[in-house]
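Coordinate inspection notes
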Amino acid sequence: METLCVPAQEQTLRQAAELLRQGQVVAFPTETVYGLGANALDEAAVRAIFAAKERPADNPLIVHVADRSQLKGLCEVTETAEKLMDAFWPGPLTMLLKKTERLPAVTTAGLPSVAVRCPRHPVALALLRQCGLPIAAPSANRSGRPSPTTAQHVYEDMVGRIPMILDGGSCQVGVESTVADLTGEIPCVLRPGAVTAEDIAAVAGACRVADSVMRPLKEGEAAPSPGMRHRHYAPKAKMTVYIGSDQAVAKAICNRYDEAENAAILAHTSAIPLFGSRRVFDLGDTPEEGARLLFQRLREMDEAGRGLILAQGWKPEGKALAVMNRMARAAAFDLVQV
Ligand code: TXA
Ligand code: MG
């Protein structure tokens, strides 16, 4: 199959919407990461997403809508969900709600709940409006690869597998949306993102964070979200994340770097001078910059053929929880406090 990678414009948006109506798969930008979309109500179309991504069939998809009126008949919208939609939609918050019969089981991997989100990227919104369908869309990477934050990343993973990629530039947030379970008494964050548990609590009165967010699942433990079961956000290189003061982190990383053969460093901008002439990649200075840059840097470091990544992290709390959740998984939870 030929894969067109085209700038998102009036005419290409129209073509993409038509492809979606025909049951095809199209990649498009959102403010978080690029998505791989198809009609959420069309079983065959949804199966084509799983095939293109090589995604295990037990990992459910997020259903994207242009506005909340499109949720009618798909799920039960609770009062708390309404409040959270008022506060954070369109935006990087995905909510788990009870699904209805109308959504095919393949979209939610047979689960009784559905994940729903209204993205705020203008290209995503225009596409959703034009096709008039709820669009199931996971991140547009091949399963196990870092999520794509540019159209070029999508092309690398999806060339020959899908007919069209809409190019809308680099994603602003850079890590996937917050996934919050609203089917229980108190909202519970299963995957941290740009909307924090504190942000949700300020609107909903309270919010928990699943404790598996910063640790590996124990053997036989049920994953609160199926996606957490699978290997994720993985660079090809081995990775260790160091947390502490710039000085302490730089000392630990330099020692390890000098003993290794083929290492590269991923450091905060302000700390870069501490690494001398060693090979350093810039992760920005704030957790938000880190989130925006992380997946791109992991791809670049793999391309540079580095076998070991020594990364500087942040304390995993508040706004830093999103980027640290991804860094911890990329490092297979090899975290060192110095
Ligand atoms: O920012 C995002 O959320 C991006 C853009 C494209 O919207 N999408 C995304 O989708 O990250 P994906 O499929 O890569 O991640 C969805 C996560 C997975 O971990 C999945 O297991 C979980 O949400 N999920 C989806 N539906 C669920 C459900 N019914 N119950 C529990 N977890 C669910
Ligand atoms: Mg994903």
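Please read all numbers here as calculations on a predicted model, not as lab measurements.

In this approach a probe as big as a water molecule rolls over the atoms, and the regions it shows empty are the leftover space. What the second largest pocket holds in volume is close to 190 Å³. Val173, Ala194, Pro287, Glu288 and Ala291 are, among the 14 residues lining the second largest pocket, the residues nearest its centre. Going through the elements one at a time, helix H8 (287-303) and helix H9 (321-330) are the ones with two or more residues in the lining of the second largest pocket. Broken down by element, the residue count for the lining of the second largest pocket peaks at five residues, all from H8. By residue class, the composition of the lining of the second largest pocket is seven nonpolar, three polar and four charged.

In total, this model carries 15 salt bridges according to the counting rule given. With a closest N to O distance of 2.9 Å, Arg326 and Glu176 form a salt bridge. With a gap of 150 residues between them, Arg326 in helix H9 and Glu176 in the loop between strand E8 (164-167) and strand E9 (178-181) connect regions that are remote in the sequence. In this structure Arg326 comes out as buried when scored by relative accessible area, which is 0%. In this structure, the salt-bridge partner of Glu317 is Lys315, at a minimum N-O distance of 3.8 Å. Looking at Glu317, the relative accessible area reads 46%, which means it is partly exposed.

On to the site of ligand 1, then. Around ligand 1 there are 25 residues in total, and Thr32, Asn59, His64, Ser177 and Gly227 lie nearest to it. Between ligand 1 and Asn59, the relevant distance is 2.6 Å, taken from an oxygen atom to a side-chain nitrogen or oxygen of the residue. Here Ser113 contributes a side-chain N or O atom positioned 3.1 Å from a nitrogen atom of ligand 1. For ligand 1, whose accessible area on its own is 680 Å², the fraction buried by protein is 96%. Among the elements of the structure, strand E4 (62-64) and strand E6 (113-117) are those that each provide at least two residues to the shell around ligand 1. For the shell around ligand 1, the element with the highest residue contribution is E6, accounting for three residues. Its residues assigned to classes, the shell around ligand 1 comprises 12 nonpolar, nine polar and four charged.

So, about the nonpolar core. Leu36, Trp89, Leu93, Met95, Val116, Ile162 and Ile200 are the most contacted members of the largest nonpolar core, which has 46 residues in total. Secondary-structure elements contributing two or more residues to this core are strand E3 (35-39), helix H2 (43-53), helix H3 (79-88), strand E5 (93-98), E6, helix H5 (151-158) and helix H6 (197-204). At five residues, H2 tops the list of elements feeding residues into this core. With residues near it in sequence (within four places) discarded, Trp89 still touches Val65, Arg68, Leu71, Leu84, Met95, Val116, Arg117 and Cys118.

On to unusual backbone geometry, then. Trp89 connects to Pro90 through a cis peptide bond whose omega is -10 degrees. Topologically, Pro90 is positioned in the loop between H3 and E5. One non-glycine residue with positive phi stands out, namely Glu54, at about 55 degrees. With respect to the secondary-structure elements, Glu54 resides in the loop between H2 and E4. Positive phi is not limited to glycine here, since Phe333 has a value of about 65 degrees. Along the chain, Phe333 falls in the loop between H9 and strand E16 (335-337). With relative accessibility at 22%, the residue Phe333 sits in the partly exposed group.

Here we come to the packing of helix H1 (residues 10-21) against helix H4 (residues 122-131). In the contact formed by H1 and H4, the axes pass within 9 Å of each other and the chain directions differ by 55 degrees. Compared by their axis directions, H1 and H4 come out oblique. Classified by chirality, the crossing of H4 by H1 is right-handed. Taken together, the residues of H4 that come into contact with H1 (itself represented by Leu13, Arg14, Ala16, Ala17, Leu20 and Arg21) are Val123, Ala126, Leu127, Gln130 and Cys131.

What counts and what doesn't
- Residues numbered from 1 in each chain as written.
- Chains lettered and ligands numbered in written order.
- Predicted model: local features only at pLDDT ≥ 70, side-chain atom pairs only at ≥ 80, totals over all residues.
- Heavy atoms only, no water.
- 1 Å grid on protein atoms, 1.4 Å probe; cavity = no way out; pocket = protein on both sides within 12 Å on 5 of 7 lines; lining within 4 Å.
- Points joined across faces, edges and corners; volume = space filled by probe spheres on them.
- Helix = DSSP H or I, 4+ residues; strand = E, 2+ residues; numbered from the N terminus.
- Nonpolar A, V, L, I, M, F, W, Y, C, P; charged D, E, K, R; others polar.
- Salt bridge = Lys/Arg side-chain N within 4 Å of Asp/Glu carboxyl O.
- Buried < 20%, exposed > 50% of the residue type's maximum accessible area, 1.4 Å probe, protein only.
- Near = heavy atom within 4 Å.
- Polar contact = N/O pair within 3.5 Å; in protein donor to acceptor, adjacent residues only side chain to side chain.
- Areas by Shrake-Rupley, 256 points an atom, 1.4 Å probe, with all protein chains shown as cover.
- Core = buried A, V, L, I, M, F, W, Y, C linked by side-chain atoms within 4.5 Å.
- Contact = heavy atoms within 4.5 Å.
- Axes fitted to C-alpha atoms, helices over the stretch in contact; angles between N-to-C directions.
- Parallel < 35°, antiparallel > 145°, perpendicular 65-115°, else oblique.
- Left-handed = near helix turned anticlockwise from the far one by under 90°.

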